[in-house]
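Summary of structural features
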Amino acid sequence: MRFARLQTADGIANAVASGDSWRHIEDPFAETLEYTGEHTPTDDGMLLAPVRPRVIVGIAHNRGNNDHPLPMQAWHKSPHSVANPGEIIPVRRDIGTVNIEGELAVVIGRQAYQLTESNAFDHVFGYTVANDVTNIDQVPKDEKNFQAKSGINYTPLGPWIETEIADPENVATEVVINGRVVGQSGSFNLPSSVVASLVYVTSWLRLETGDVVLTGAPNTFFAAQPGDRVEITLAGIGTLTNTIG
């Protein structure tokens, strides 16, 4: 199923895709969906970030993407950095190169702690597209990633959540900047698998419903300039579009 958050004339609505419209629901995470009776035509809905997580965890695949002699690591990214599809990303222009990073984002569906490879996906609600915007020149100065990843709107999410993905470990990713394809890869190229990331994070931290794990950029990170239009497409999910400010 496809779940979204919409800005409507009456306020924000949770919704599920149904034909050519969004059917409004009370709670996307409920065991049984409760419909409000309202609906929004697909073409009329203004899409918001499909989830407002209380916790966002990013994954660093050190053995694949940089020279650190370290295993996989994780860090917290502020939920205040979440941006909607279509929003401007007002990047810092005075501190070096800004990278956009196309990633598969995992949305947790129920409390998850000390998961195993056999049960990890049972705790997943669905998947969405993430752009993990990064001031890359700040990383050597602050390896905790606070300075690099804490900007306003530095975590666009969307356009919706897909709950039925055939294989999260095999999701193709395409990055387009200003209409030009600059990268094609996928979760199949992550140095650490999606399930391994969930097992690792929950070996230390208890995740709750609606929390998000950014699974890393499998060589889908590219420098961006002010004015660039960035489109990140994950096969089976959709396209997240934002403009660098």
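Here, every reference points to the structure presented above.
Described below are features of the structure shown in this document. For every chain, the first residue of the written sequence is number 1, and numbering continues from 1 onward in sequence order. Side-chain atom pairs in this predicted model are given and counted only at pLDDT of 80 or more, local residue features only at pLDDT of at least 70, and totals for whole chains, interfaces and linings cover all residues. The basis for the side-chain values is all heavy atoms of the structure; hydrogens and waters are excluded.

**Observations regarding the nonpolar core**
For our purposes a nonpolar core is just a set of buried Ala, Val, Leu, Ile, Met, Phe, Trp, Tyr and Cys residues, chained together by side-chain atoms within 4.5 Å. Relative accessible area decides the class of each residue, using a 1.4 Å probe on protein chains only: under 20% of the type maximum gives buried, over 50% gives exposed, and in between gives partly exposed. Residues I100 and V106 are the most contacted members of the largest nonpolar core, which totals 37 residues. Elements represented by at least two residues in this core include exactly β6 (56-60), β10 (98-108), β11 (124-131), β14 (172-177), α3 (194-204), β17 (221-224), β18 (229-234) and β19 (238-244). Here a helix means four or more residues in a row that DSSP labels H or I, a strand means two or more in a row labelled E, and each is numbered from the N terminus. Of the residues forming this core, the biggest block, five residues, is contributed by β10. Residue contacts are counted whenever heavy atoms from the two residues lie within 4.5 Å of one another. With near-sequence residues (within four places) excluded, V106 lies in contact with V124, G126, Y127, V194, L198, D211, V212, V213 and T215. One finds F3, A49, I56 and V107 within the second-largest nonpolar core, a separate group that totals 15 residues.

**Topic: the packing of aromatic side chains**
Any pair of Phe, Tyr and Trp rings, taking the six-membered ring for Trp, is counted once the centres come within 6.5 Å. Such a pair is stacked with planes under 30 degrees apart, edge-to-face with planes over 60 apart, and tilted for the rest. All chains considered together, the criterion is met by three aromatic pairs. Ring geometry for W22 versus W160: centroids 6.1 Å apart, planes at 45°, classification tilted. Highlighted residues: W22 in strand β3 (residues 21-25) and W160 in strand β13 (residues 155-162), separated in sequence by 138 residues. Note on F29 and F125: the rings are 4.7 Å apart at their centroids and 55° apart in plane angle, and the pair reads as tilted. Of the two residues, F29 is situated in the loop between β3 and β4 (35-41) and F125 in strand β11; the sequence distance between them amounts to 96 residues. For F125, a relative accessible area of 16% corresponds to the buried category. Feature note: the residues F3, F29 and F125 constitute an aromatic cluster, connected by ring pairs. In this scheme, Lys NZ or Arg CZ marks a charge over a ring once it lies within 6 Å of the ring centre and within 35 degrees of the ring normal. The ring of Y35 is capped by R23, whose NZ or CZ atom sits 3.9 Å from the centre of that ring.

**Things to note about unusual backbone geometry**
Cis geometry marks the peptide bond from G158 to P159, where omega comes out at 5°. Examined against the element boundaries, P159 turns out to sit in strand β13. Phi at Q114 takes a positive value of approximately 50°, unusual for a residue other than glycine. Of note, Q114 is situated in the loop between β10 and β11. Here N145, not a glycine, exhibits a phi torsion of approximately 70°, which is positive. Within the secondary structure, N145 is located in the loop between β12 (134-135) and α2 (146-149). Take N145: its relative accessible area is 10%, and that puts it in the buried class.

**Topic: the side chain of T128**
Here T128 lies in strand β11. Side-chain atoms alone can form a polar contact between residues adjacent in sequence; in general such a contact is a pair of N or O atoms within 3.5 Å, and within protein one must be able to donate a hydrogen while the other accepts it. Polar side-chain contacts of T128 include one of 2.7 Å to the backbone oxygen of W160. Setting aside anything within four residues of it in sequence, one finds T128 in contact with P50, E103, L104, A105, V107, L157, G158, P159, W160, I161, L234 and I237.

**Here we look at the layout of surface pockets**
A probe as big as a water molecule, rolled over the atoms, marks out the empty space that is left. Points on a 1 Å grid, built from protein atoms alone, make a cavity when a 1.4 Å probe fits but cannot get out and make a pocket when they are open with protein on both sides within 12 Å along at least 5 of 7 lines; residues with an atom within 4 Å of a point are the lining residues. Grid points are joined across faces, edges and corners, and a volume is the space filled by probe spheres set on the points. By volume, the second largest pocket is sized at about 200 Å³. Looking at the lining of the second largest pocket, the elements that each hand over two or more residues are β2 (11-18), β3 and β4. Only Asp, Glu, Lys and Arg are considered charged, only Ala, Val, Leu, Ile, Met, Phe, Trp, Tyr, Cys and Pro nonpolar, and every remaining residue, Gly among them, polar. Of the residues that constitute the lining of the second largest pocket, the class distribution is four nonpolar, seven polar and three charged.

**As for the pairing of β11**
Summarising burial for β11: eight of the eight residues are buried, a large majority. Two elements, β10 and β11, share seven bridges in a ladder whose sense is antiparallel. Across the sheet, residue L104 finds its bridge partner in β11, namely V129. Note: two strands are recorded as paired if DSSP finds a minimum of 2 bridges between them. Bridging between β11 and β13 involves three bridges; their strand directions are antiparallel. Across the sheet, residue Y127 finds its bridge partner in β13, namely E162.

**Re the pattern of salt bridges**
Any carboxyl oxygen of Asp or Glu that lies within 4 Å of a side-chain nitrogen of Lys or Arg is treated as forming a salt bridge with it. What the rule picks out here adds up to six salt bridges. Two residues, D132 and K149, come together in a salt bridge whose shortest N-O distance is 2.8 Å. In this pair, D132 sits in the loop between β11 and β12 while K149 sits in helix α2, placing the two residues 17 residues apart along the sequence. Relative accessible area serves as the criterion here: at 4%, K149 is assigned to the buried category. With a shortest N-O distance of 2.9 Å, E208 and R206 are connected by a salt bridge.

**Side note on the sheet that holds β18**
Backbone-to-backbone hydrogen bonds pair the strands of a sheet. The strands run either parallel or antiparallel. Spatially, five strands are ordered β9-β19-β18-β14-β15 in an open sheet, and the strand pairing comes out mixed. The open sheet has two free edges, formed respectively by β9 (88-89) and β15 (180-186), since each of these has just one partner strand. One ladder, built from two bridges, connects β9 with β19; its direction is parallel. The residue of β19 that forms the bridge with I89 is I244.

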